[in-house]
Amino acid sequence: MTGKEPFEAVVTQHGATVLRVCRAVVGPADADDAWSETFLSAMKAYPDLPADANVEAWLVTIAHRKAIDVTRAAARRAIPVAETPDTEAADAADGPASGLDSDLADAVAGLPAKQKQAVAYHYLAGLPYADVADIVGGSADAVRRAAADGIATLRRTYPGAAATKEEPDERG
């Protein structure tokens, strides 16, 4: 016995977090594909994962890499039209139950890449700055700065920012 929980339990426990991160990083249209690719890769590698590993950080790392793959693939495709028949379905999937409303998704999508990743991985996935730094590269201080800049931009530009409560300082 390896002492690890079954992979199905890992998907159940961390699936929503990974999906929120994927939606924040690649957008609602490509999030399901990135989520699926994340868990397909994770399923193959899970038997070799040490029992004491931080599974959530490991999954977010895989999701980060899959998001990069999706972004690169999208750059090679033709530019899509503004309105498609599935736009309403994507908007419905971004409701409060998904953990990311469409206005917030648009505001996060407008952030520079490093800020978007830092905000998504720290605030949506709940990873500590050190783990986020391991995923995106750089130092924990640089990630903290990028997350702070991203949150400051969101507070200025996100329509619902006035209704949200103040975030505590997370130094440490």
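Residues numbered from 1 in each chain as written. Predicted model: local features only at pLDDT ≥ 70, side-chain atom pairs only at ≥ 80, totals over all residues. Heavy atoms only, no water.

Structural notes on the nonpolar core
Here is step 1 of the chain: Among the nonpolar cores identified, the biggest contains 45 residues, and Trp58, Leu59 and Tyr121 are the most heavily contacted of them.
Here is step 2 of the chain: Those elements that place two or more of their residues in this core are helix 1 (7–26), helix 2 (28–45), helix 3 (55–76), helix 5 (102–109), helix 6 (113–124), helix 7 (129–136) and helix 8 (140–157).
Here is step 3 of the chain: Setting aside residues no more than four positions away along its own chain, tyrosine 121 makes contact with Val21, Val25, Val60, His64, Gly126, Leu127, Val132, Ile135 and Val136. (Core = buried A, V, L, I, M, F, W, Y, C linked by side-chain atoms within 4.5 Å. Buried < 20%, exposed > 50% of the residue type's maximum accessible area, 1.4 Å probe, protein only. Helix = DSSP H or I, 4+ residues; strand = E, 2+ residues; numbered from the N terminus. Contact = heavy atoms within 4.5 Å.)

Let's talk about the pattern of salt bridges
Here is step 1 of the chain: This structure, assessed with the given rule, holds 2 salt bridges.
Here is step 2 of the chain: Close ionic contact of aspartate 141 with arginine 144 constitutes a salt bridge, the shortest N to O distance being 3.1 Å. Pair noted here: aspartate 141 and arginine 144 are both in helix 8, with a separation of 3 residues, about one helical turn.
Here is step 3 of the chain: Given a relative accessible area of 19%, arginine 144 falls into the buried group. (Salt bridge = Lys/Arg side-chain N within 4 Å of Asp/Glu carboxyl O.)

Concerning helix 2
Here is step 1 of the chain: Along its 18 residues, helix 2 runs 26 Å from first to last C-alpha, staying within 8% of the 26 Å computed at 1.5 Å per residue.
Here is step 2 of the chain: Where helix 2 is buried, its residues contact helix 1 and helix 3. (Expected span 1.5 Å × (residues − 1).)

Points about the confidence of the model for the protein
Here is step 1 of the chain: On average, the protein scores 81 in pLDDT, and the residues at 70 or more come to 79%.
Here is step 2 of the chain: Within the protein, the lowest mean pLDDT, 52, falls on helix 4 (residues 87–93), and the highest, 92, falls on helix 8. (pLDDT = per-residue confidence, 0-100.)

Focus on a negative patch on the surface
Here is step 1 of the chain: On the surface, a cluster of negative charge is made up of Asp32, Asp33, Glu37 and Asp69.
Here is step 2 of the chain: In terms of residues, the negative patch owes the most to one element, helix 2, which gives 3 residues.
Here is step 3 of the chain: Residue position: aspartate 69 is located in helix 3.
Here is step 4 of the chain: You can call aspartate 69 partly exposed: its relative accessible area is 39%. (Patch = residues over 30% accessible without salt bridge, like charges linked within 9 Å, V, L, I, M, F, W, Y side chains within 5 Å. Areas by Shrake-Rupley, 256 points an atom, 1.4 Å probe, with all protein chains shown as cover. Lys, Arg positive; Asp, Glu negative; His and termini not counted. Charge placed at Lys NZ, Arg CZ, Asp CG, Glu CD.)

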